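Residues per chain, in single letters:
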Amino acid sequence: MPQTLFEKIWNAHVVAQDADSPAVLYIDLHLVHEVTSPQAFEGLRNRGIKVRRPDRTYATMDHGIPTHSRDIPIADALAAKQIAQLETNTAEFGITLYGLRQNAEKQGIVHVIGPELGLTRPGMTIVCGDSHTSTHGAFGALSFGIGTSEVEMVLSTQCLLQRKPGTAQVRVDGKLQKGVVAKDIILAIIAKYGIGAGTGYVFEYTGEAIRILNMEERMTVCNMSIEGGARAGMIAPDDTTFEYIAGREFAPKGANWDKAVSEWRKLPTDDGATFDATFSLDADTLEPMITYGTNPGMGTGVTGRVPDPAQLADLSQRNALIKALGYMNLKPNQPLLGQAIDVVFIGSCTNSRISDLRDAAAVMKGRRVNPNVRVMIVPGSAQVKREAEAEGLDRVFSEAGAEWREAGCSMCIAMNGDQLQPGQYAISTSNRNFEGRQGKGGRTFLASPLTAAASAITGVVTDVRTMLR
Amino acid sequence: MEKYTAYNSKIVALPNENVDTDQIIPARFLKVTDKIGLGDNLFSDWRYNADGNPKPDFILNHGEMKGRAILLAGDNFGSGSSREHAPWALTGYGFRAVISTSFADIFRNNSLKNGLLPIIVDKDTHAQLFSLCEEDPDTALAIDLTAQTLTLPDGRKVQFPIDGFSKTCLLNGIDEIGYVLHMDEKITAFESQDA
């Protein structure tokens, strides 16, 4: 019987399946960070047990770490304690740590370093106590976020209790126009179908507009699957995938590589396999996207206007939009172009990879940041930072008047002191525009690195297509 | 985990749609290394002013809400971040059930592991519950997990769905990790065929 990519991976990982119970699903790779793991390690200690497979478990620190110079001690006592706890826990349980002091040259945002190190590979089951674990699905892996109790279960047993989710195909046909990028695809899908559409499903992105994307662009799309409600998003592996993985630290080598690739080639969804639901998007007509509200589904083309709550028939949706526009201090029907901004944040597990920084630098090169705007550029990993510096991108940013920072989650989650002040507007390449997400009272417009860089120069929401050279 | 029992409680009605986990507990409170005391920061940005004083308009700051165990919320509750701090904050405050028309997947899983029952009702029942609370803010419900029912003040019973495994775990206080630890042989067999 023809199977989808998801079904092939799922079936290959079921350890046990009792009637009326969830499957016991084997986990190939468990990524750990400082914020969602301390209580899980404490649980193991209380049970007096070890980590079952420390060789399948890797840790980094990203959420709470400062992004200013690494030479300055961490001022926030709670963050410092949490980071010290991860050092203690990984040492005690024998887990490799890419930290601030240990293997620091490989530290970075967990969803940036997994692929970068070749830990993320097709056909794997991958989990992490972080909802953006969906990112790794770009490699044709089944990868999703879990809570801390589940982190404890995976540390203890290398398995998870899981009910089989439904499958949904997200088909993107056509070709992106110049200035329109992967971030715009995923923002448009969420704007079209809403933030709850994917609940209960695993997305598989298909179609020519997806096939043509490079791995970093595919990661951007899969990253925000959770913003559409889907715990996991996947893309069938192909030569683009294999070329990206080849030669990376944990990639199979020699004869093992050939064997692995021949297995990976069997993973794509079979002809005739069916999905439980289908969503679709036309890439030809897509323009750069921007959000105007307080969830990622409240988005429109950058030349669009803020919607009018009076036009919404559903009372609860109308109230939600009124509340969102009140928080954002935006008026119904106002154009988004020209809206003044205070901060530009380029970074996060969505858009902090080298190609994102190249996009931003291409726009900013030879230009100056608007004097009213603070621009923060936060690379996704220590390796991305080195690569960018080798290409001279750091100088492009510095000469334009932007801040070039150390790797971490930074202002995407605003746990580390990088945050908006109440009332400030930011264009952010991150994934969430929830109330207070980037700092209490802060207001976020989500957009691509191109749109963010263009707006950094002008100081207002800008259509990057008018600035491309 | 404690066994989940049947109980009665008045309702806290929060009609907001799409309440994400950043609203339930903002990220700045995630620097803890234990699960204690998060209830004080539940809905922090909606509940407190910048000076830390309670906002009088927010429902949890109405004195009569204290001690209520049922939260009635708008559609699609718990979206966003996977932080288990969200159910820890809700249970830390004293909630034992959240009623909505749908829940985000990760939040739902996290809740079931912490004795917080996510109750899904249909749109009509959902709207009716909100009208009841509007008419009488002291509206109470009886929740019976064994029978999978909510009992409304007029005696009408509404069935709610829950998968059999989660129900058994909640009713008997079963530790899911213990359950999987007992499968050690099967896991070892799986690992050896894999290698």
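Quick caveat, the model's predicted, so the values are computed rather than measured. Residues take numbers from 1 onward in each chain, read along the sequence in its written order. A letter from A marks each chain and a number from 1 marks each ligand, given out in the order of writing. Totals for whole chains, interfaces and linings use every residue, but because this is a predicted model, local features are given only for residues with pLDDT of at least 70 and side-chain atom pairs only at 80 or more, for both listing and counting.

Chemist: Quick rundown of the packing of helix H2 (residues 38-47) of chain A against helix H5 (residues 148-157) of chain A? Include the residues and the values.
Modeler: Residues and elements named next belong to chain A. Here H2 crosses H5 at 45°, and the two axes come no closer than 8 Å. One way to sum up the angle between H2 and H5 is to call them oblique. The hand of the H2/H5 crossing is right-handed. Every residue of H5 that contacts H2 at Gln39, Ala40, Gly43 and Leu44 is listed here: Thr148, Val151, Glu152, Leu155 and Ser156. When the residues that make up the contact of H2 with H5 are grouped by side-chain class, the tally is four nonpolar, four polar and one charged. All axes here are fitted lines through C-alpha atoms, helices being fitted over the stretch that makes contact, and every angle between N-to-C directions spans 0 to 180 degrees. To qualify as a helix, a DSSP run of H or I must reach at least 4 residues; to qualify as a strand, a run of E must reach at least 2; elements of each kind are numbered from the N terminus. Convention used here: angles under 35 degrees read as roughly parallel, angles over 145 as roughly antiparallel, angles from 65 to 115 as roughly perpendicular, and any remaining angle as oblique. Whether a crossing is left-handed or right-handed is set by the direction in which the near helix is turned from the far one by less than a right angle, anticlockwise for left-handed and clockwise for right-handed. We call two residues in contact if the C-beta atoms placed from their backbones are at most 7 Å apart. Think of it as three bins: nonpolar holds Ala, Val, Leu, Ile, Met, Phe, Trp, Tyr, Cys and Pro, charged holds Asp, Glu, Lys and Arg, and polar takes everything else, Gly as well.

Chemist: Outline the domain arrangement of chain A, listing residues and values.
Modeler: All names here are of chain A. Where a domain begins and ends is set by an automatic assignment or by a domain database. By domain assignment, chain A separates into domain 1 (5-162), domain 2 (166-238 + 263-282) and domain 3 (289-466). Facing the 22 residues of domain 1 at the interface are 21 residues of domain 3. With four residues, the single largest contributor to the side of domain 1 that touches domain 3 is helix H4 (residues 110-116). Broken down by class, the residue content of the side of domain 1 that touches domain 3 amounts to seven nonpolar, nine polar and six charged.

Chemist: I'd love a proper account of the nonpolar core, names of residues and values included.
Modeler: Residues and elements named next belong to chain A. Under the definition applied here, buried Ala, Val, Leu, Ile, Met, Phe, Trp, Tyr and Cys residues are grouped into a nonpolar core through C-beta atoms within 7 Å. Exposure is read from a count of other C-beta atoms within 10 Å of each residue's own; the residue is exposed at 12 or fewer, buried at 20 or more and partly exposed in between. C-beta atoms are placed from the backbone. Formed by 159 residues in total, the largest nonpolar core has its most connected members in Ile185, Val344, Met364, Ile377 and Ala456. With eight residues, the single largest contributor to this core is helix H6 (residues 182-193). For Val344, the contacting residues outside a window of four places in its chain are Val373, Val375, Ala426, Ile427, Ala452, Ser455 and Ala456.

Chemist: Would you mind going over the pairing of strand E8 (residues 159-162) of chain A in detail, with residue names and values included?
Modeler: Residue and element names in this part refer to chain A. Going residue by residue along E8, you find Cys159 and Leu161 tucked away on one face and Leu160 and Gln162 tucked away on the opposite face as well. For two strands to be treated as a pair, DSSP must find at least two bridges joining them. For strand E2 (residues 23-26) and E8, the ladder comprises four bridges, and the chain directions are antiparallel. Considered in E8, the bridge of Val24 is made with Leu161.

Chemist: With reference to specific residues and values, describe the sheet that holds strand E12 (residues 277-282) of chain A.
Modeler: To summarise the sheet geometry, strands pair through backbone hydrogen bonds and adopt either a parallel or an antiparallel arrangement. Residue and element names in this part refer to chain A. Pairing in this open sheet of four strands is parallel, and the strands run E11-E10-E9-E12 from one edge to the other. Of all the strands in the sheet, just strand E11 (232-234) and E12 have a single pairing partner and so form its edges. Neighbouring strand axes in the sheet, compared pairwise and without regard to direction, differ in orientation by 20° on average. Two strands pair when backbone bridges link them, and strand E9 (residues 166-173) and E12 are joined in this way by six bridges, in the parallel orientation. When the sheet's bridge partners are listed, Arg171 is paired in E12 with Ser280. In the packing of H6 onto the sheet, the strands contacted are E9 and E12, and the crossing angle to E12 comes to about 125°.

Chemist: Kindly report on the environment of Phe139 of chain A, identifying the contributing residues and their values.
Modeler: Residues and elements named next belong to chain A. Inspection of the secondary structure assignment puts Phe139 in the loop between strand E6 (125-128) and strand E7 (142-145). The spatial distance from the C-alpha of Phe139 to the C-alpha of Asn329 is 40 Å, given a sequence separation of 190 residues. Residues contacting Phe139, with those up to four places away along its chain left out, are Pro115, Thr120, Arg121, Pro122, Pro237 and Thr241.

Chemist: Account for the interface of chain A and chain B, naming residues and giving values.
Modeler: Contact residues are listed per partner, giving 51 residues for chain A and 41 residues for chain B. Only strand E1 (14-16), E2, H2, helix H3 (77-93), H5, E8 and helix H11 (315-328) of chain A provide two or more residues apiece to the side of chain A that touches chain B. Here the side of chain A that touches chain B takes six residues from H5 of chain A, the largest share from any one element. Residues that form the side of chain A that touches chain B fall into these classes: 19 nonpolar, 22 polar and ten charged.

Chemist: Any details on unusual backbone geometry? Residues and values, ideally.
Modeler: Residues and elements named next belong to chain A. Unusually for a residue other than glycine, Asn103 sits at a positive phi of about 50°. Inspection of the secondary structure assignment puts Asn103 in the loop between strand E5 (96-98) and H4. The phi torsion at Ser410 lies on the positive side, around 55°, for a residue other than glycine. With respect to the helices, strands and loops of the structure, Ser410 is situated in the loop between strand E17 (403-404) and strand E18 (425-428).

Chemist: Give me the lowdown on H11 of chain A, citing residues and values where you can.
Modeler: One turn of the α-helix equals 3.6 residues, which is why residues spaced by three or four share an orientation. Residue and element names in this part refer to chain A. Take the number of residues in a helix, subtract one, and multiply by 1.5 Å to get its expected span. Over its 14 residues, H11 extends 20 Å from the first C-alpha to the last, a length consistent with the 20 Å expected when each residue adds 1.5 Å. Every buried residue of H11 is listed here: Ala320, Leu321, Ala324, Leu325 and Met328. Buried residues in H11, looked at end-on, bunch into an arc of 130°, giving them a common side. Of the residues in H11, the exposed ones pointing more than 90 degrees away from the buried face are Leu315 and Gly326. Taken from the residues just after H11, Asn329 is the one with a positive phi, measuring 50°. Regarding the arc, it is the one traced by the directions from the helix axis to the C-beta atoms.

Chemist: Give a detailed account of the sheet that holds strand E6 (residues 149-151) of chain B, specifying residues and quantitative values.
Modeler: All names here are of chain B. Overall, mixed pairing links the seven strands, which are arranged E4-E3-E2-E1-E5-E6-E7 in an open sheet. Each edge of the sheet is formed by a strand with only one pairing partner; in this case those strands are strand E4 (117-120) and strand E7 (157-159). The mean angle between the axes of side-by-side strands here comes to 30°, regardless of whether they run parallel or antiparallel. As paired elements, E6 and E7 share three bridges and run antiparallel to each other. Bridge pairing in E7 links Thr149 to Gln159.

Chemist: Could you give me a rundown of the pairing of strand E5 (residues 140-144) of chain B, with the residues and numbers involved?
Modeler: Residue and element names in this part refer to chain B. Here E5 shows a buried face lined by Leu141 and Ile143 and an unburied face lined by Ala140, Ala142 and Asp144. Judged from the four bridges that link them, strand E1 (residues 7-14) and E5 form a sheet pairing that is antiparallel. Considered in E5, the bridge of Ser9 is made with Leu141. Pairing of E5 with E6, which is carried by three bridges, proceeds in the antiparallel orientation. Bridge pairing links Asp144 to Thr149 in E6. Turn length for the E5-E6 hairpin, with the two strands adjacent in sequence and antiparallel, is four residues, and the turn residue Gln148 shows positive phi of about 55°.

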